[in-house]
Amino acid sequence: MVSNKSAAVISFFLPGIGQAAQGKTGYGIATWIITLIIAYAIYYFTQPNVWYAIIIYFIIGIIAAYYAYKDDGGSSE
């Protein structure tokens, strides 16, 4: 288990993995997979301009970092 600050930093760059490191494995892996699917779909449909996918990926990262930081560290599974 990692601290909330460490989980927030991890979740910013790899959304969901910070929650998995906190012990919420199911939620973390689901968030990671959904983030990859959304980012890839946006990348695929906006092929000439991939910046949309990058921006959406980091917006999801900010949201995941917020939830990882405010989490009390307990497992909800």
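Details of the structure are given in the entry above.
The written sequence of each chain sets the order in which its residues are numbered from 1. Totals for whole chains, interfaces and linings use every residue, but because this is a predicted model, local features are given only for residues with pLDDT of at least 70 and side-chain atom pairs only at 80 or more, for both listing and counting. Water and hydrogen atoms play no part in the side-chain values, which are based on all heavy atoms of the structure.

1. Re a nonpolar patch on the surface
This is how the line gets drawn: Patches here: salt-bridge-free residues with over 30% relative accessible area, like charges joined within 9 Å, nonpolar side chains (Val, Leu, Ile, Met, Phe, Trp, Tyr) joined within 5 Å. Method for areas: the Shrake-Rupley scheme with a 1.4 Å probe, in which residue coverage is limited to the protein chains shown. A pairing counts as a salt bridge when a side-chain nitrogen of Lys or Arg comes within 4 Å of a carboxyl oxygen of Asp or Glu. Counting from the N terminus, the helices are the DSSP runs of H or I reaching at least four residues and the strands are the DSSP runs of E reaching at least two.
Nonpolar side chains collect at one region of the surface, where Val-9, Phe-13, Leu-14, Tyr-27, Trp-51, Ile-54, Ile-55, Phe-58, Ile-59, Ile-63, Tyr-66 and Tyr-67 lie side by side and expose about 1200 Å² of accessible area between them. Of all the secondary structure elements, the ones that give two or more residues to the nonpolar patch are helix 1 (4-13) and helix 4 (51-70). Considering each element in turn, the nonpolar patch owes the most residues, eight residues, to helix 4. Its place among the elements puts Tyr-67 in helix 4.

2. Here's the deal with the packing of aromatic side chains
For any pair of aromatic rings, the description consists of the separation of the ring centres together with the inter-plane angle of the planes. The following threshold applies: Between rings of Phe, Tyr and Trp, where Trp is taken as its six-membered ring, a pair exists when centres lie within 6.5 Å; planes separated by under 30 degrees are stacked, by over 60 edge-to-face, and by other angles tilted. A ring has a charge above it when a Lys NZ or an Arg CZ is no more than 6 Å from the ring centre and no more than 35 degrees off the ring normal.
Taken as a whole and assessed by the stated rule, the structure comprises seven aromatic pairs. On the basis of an interplanar angle of 70° and a centroid distance of 5.3 Å, the ring pair of Tyr-66 and Tyr-67 is categorised as edge-to-face. Through a chain of ring-to-ring contacts, the aromatic side chains of Phe-12, Phe-13, Tyr-57 and Phe-58 assemble into a single cluster. The positively charged end of Lys-24 is found above the aromatic ring belonging to Tyr-27, 5.1 Å away from the centroid.

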